Amino acid sequence: METPAPEPARFFQPGTFEGDVAVVTGGGTGLGLEISRSLAALGSTVIIASRSTDHHSAFLDEGRERGWKVDAVELDVREPDEVHAAANAIIERHGKVDILVNNAAGNFVCPAEKMSPRAWRSVLGIVLDGTFYCSRSFGKHMIGRGEGGRMLNVVATYAWTGMPGVAHSASAKAGVWALTKTLAAEWARFGIQVNSIAPGPFQSDGARANLWPDEEIEEKIRASIPLQRFATREEVARHSLYLLTKEAGYITGDCMVVDGGLSLSAGRMWEPGEKLTRPPRPPKA
Ligand code: NAP
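First things first, this report covers the structure right here in the doc. Only a predicted model underlies this, so the values are computations on that prediction, with no experimental measurement involved.

## A few points about the overall build of the protein
Phase 1: On a plain count of helices and strands, the protein comes out with 9 helices and 7 strands.
Phase 2: Over its C-alpha atoms the protein spans a radius of gyration of 20 Å, differing by no more than 12% from the 19 Å that the globule rule assigns to 285 residues.
Phase 3: The principal-axis extents of the C-alpha atoms in the protein amount to approximately 75 × 40 × 40 Å.
Phase 4: Residue burial in the protein is summarised as follows: out of 285 residues, 49% are buried.
Phase 5: Of the contacts formed within the protein by residues at least 6 apart in sequence, a portion of 73% connects residues at least 24 apart.
Phase 6: Accessible surface for the protein amounts to roughly 14800 Å². Of this, 54% is attributable to carbon and sulfur atoms.

Written out as structure tokens, the structure is:
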């Protein structure tokens, strides 16, 4: 087997998610894949949901080889009727859903003044509308079933810091963060926890192609991170998993930031370690 086994058993009890049924949007690539693999390795039934069935095969093949309980559905999260139908099909096939990870996203760098309404709509559609449609459909099921549930929304720290070049994604993620807190407060009485995770930069095919398309940009981003490195997908997945465990049962409406300090360091007047050699300017008359 070429892909090394996921390692969540080093950090979580084997069988932590045994008996759970989890849906991960965008679960066939990048972070979504890593979260899906870790949940499956810890005993959960995992259904990945996204548009391209090509993106599903690696997870389904690995799942079959490792004896995981895995499934996939073709789904465009921008379409509320599709989401509703997929939720019904999943619930019929697997009996229930305990966990929803809203991970699907689209993103690319574009100055706001050049951003077409179509580009804006497309990112808002996947990230904000998609998260709401999935939360609504699976939330209804969790409420009706009466046994609670756990939801995790993947956001980004530029939801509150802002970031030049990603007006669509920053606005959509800010909406998802507001939705996280709102649903957490609304659905706590049904035993449904809703949290977010805000990763800093990590490598994925999507991010490499659209956010740091060359070495120079990648290096510039790395240098701006106080911990001086990108996150690994494994560590972001590990922290995501914690928020989905029963041990995190009293946490709701929260956002775990896993960004190496990046969001602390915008607009610095002084670089840590830099010598202050410049003489002070004379006071203005
Ligand atoms: P990625 O590998 O590019 O994955 C994006 C996933 O979203 C794909 O699996 C894609 O699957 C799915 N998707 C896109 N449009 C969809 C739609 N309309 N309906 C259903 N699924 C759709 O992304 P990633 O870099 O791992 O990012 C994962 C999450 O982390 C995202 O929420 C992203 O915003 C967040 N994040 C990433 C970074 C980073 O540095 N990479 C930093 C902060 C936050 P299909 O093509 O099969 O539909």
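## Structural notes on the side chain of D20
Phase 1: Considering the arrangement of structural elements, one finds D20 in the segment before β1 (21-25).
Phase 2: Classification of D20 by relative accessible area gives buried; the value is 4%.
Phase 3: If near-sequence neighbours (up to four positions away) are discounted, D20 is found in contact with S44, T45, K96, D98, I99, R150 and K246.

## Overview of the pattern of salt bridges
Phase 1: Taken as a whole and judged by the stated rule, the model has 16 salt bridges.
Phase 2: Residues participating in the shared-partner salt-bridge network are E34, R37, E62 and R66.

## A closer look at the pairing of strand β3 (residues 69-74)
Phase 1: Sheet topology note: the strand β2 (residues 45-50)/β3 ladder contains 6 bridges and is parallel. Among the inter-strand pairings, S50 is bridged to a residue of β3, identified as E74.
Phase 2: With respect to chirality, the unit in which β2 leads through helix α2 (residues 57-66) into the neighbouring parallel β3 is right-handed.

## As for the pairing of strand β4 (residues 99-102)
Phase 1: Neither face of β4 is exposed, since I99 and V101 on one face and L100 and N102 on the opposite face are all buried.
Phase 2: With 4 bridges connecting them, β4 and strand β5 (residues 149-154) associate as parallel partners. Bridged to V101 within β5 is L152.
Phase 3: Regarding the hand of the β-α-β motif, the stretch spanning β4, helix α4 (residues 117-145) and β5 is right-handed.

## Examining the packing of aromatic side chains
What characterises a pair of aromatic rings is the spacing of the ring centres plus the angle enclosed by the ring planes.
Phase 1: What the rule picks out here adds up to 4 aromatic pairs.
Phase 2: Aromatic side chains F59 and W68 sit 6.3 Å apart centroid to centroid with 35 degrees between the ring planes, which places their arrangement in the tilted category.
Phase 3: You can call W68 buried: its relative accessible area is 13%.
Phase 4: Considering the side-chain rings of W212 and F230, the 4.9 Å spacing of their centres and the 75 degrees angle between planes classify their relative orientation as edge-to-face. Highlighted residues: W212 in the loop between α7 (205-210) and α8 (215-223) and F230 in the loop between α8 and α9 (233-244), separated in sequence by 18 residues. Per residue, the accessibility class of W212 equals that of F230, and both read buried.
Phase 5: The aromatic ring of F230 is capped on one face by R222, whose charged end is 5.0 Å from the ring centroid.
Phase 6: The ring of F11 carries R238 above its face, with NZ or CZ at 4.0 Å from the centroid.

## A word on the packing of helix α1 (residues 30-41) against α2
Phase 1: Interaxial distance between α1 and α2 falls to 11 Å at its minimum, and their mutual angle equals 15 degrees. Here α2 runs roughly parallel to α1, going by the angle between their axes. Viewed along their axes, α1 and α2 form a crossing whose handedness is right-handed. Of the residues in α2, those in contact with L33, S36, R37 and A40 of α1 are F59, E62 and R66.
Phase 2: Looking at the contact of α1 with α2, its residues break down into 3 nonpolar, 1 polar and 3 charged.

## Considerations on the site of the ligand
Phase 1: Among the 27 residues in the neighbourhood of the ligand, the closest are listed as T29, S50, R51, H55 and S204.
Phase 2: Here an oxygen atom of the ligand sits 2.9 Å away from a polar atom, N or O, in the side chain of K173.
Phase 3: Taking F202, its main chain carries an N or O atom lying 3.0 Å from an oxygen atom of the ligand.
Phase 4: About the coverage of the ligand: the protein hides 90% of its 890 Å² of free accessible area.
Phase 5: Looking at the shell around the ligand, the elements that each hand over two or more residues are α1 and α7.
Phase 6: Its residues assigned to classes, the shell around the ligand shows 13 nonpolar, 10 polar and 4 charged.

Procedures and definitions
Residues numbered from 1 in each chain as written. Predicted model: local features only at pLDDT ≥ 70, side-chain atom pairs only at ≥ 80, totals over all residues. Heavy atoms only, no water. Helix = DSSP H or I, 4+ residues; strand = E, 2+ residues; numbered from the N terminus. Rg over C-alpha atoms; globule rule 2.2 N^0.38 Å. Buried < 20%, exposed > 50% of the residue type's maximum accessible area, 1.4 Å probe, protein only. Contact = heavy atoms within 4.5 Å. Areas by Shrake-Rupley, 256 points an atom, 1.4 Å probe, with all protein chains shown as cover. Salt bridge = Lys/Arg side-chain N within 4 Å of Asp/Glu carboxyl O. Pairing = 2+ DSSP bridges. Right-handed = clockwise from strand over helix to strand, strands pointing away. Phe/Tyr/Trp six-rings, centres within 6.5 Å; stacked < 30°, edge-to-face > 60°. Lys NZ or Arg CZ within 6 Å of the ring centre and 35° of its normal. Axes fitted to C-alpha atoms, helices over the stretch in contact; angles between N-to-C directions. Parallel < 35°, antiparallel > 145°, perpendicular 65-115°, else oblique. Left-handed = near helix turned anticlockwise from the far one by under 90°. Nonpolar A, V, L, I, M, F, W, Y, C, P; charged D, E, K, R; others polar. Near = heavy atom within 4 Å. Polar contact = N/O pair within 3.5 Å; in protein donor to acceptor, adjacent residues only side chain to side chain.

The analysis is restricted to geometry; functional conclusions fall outside its scope.
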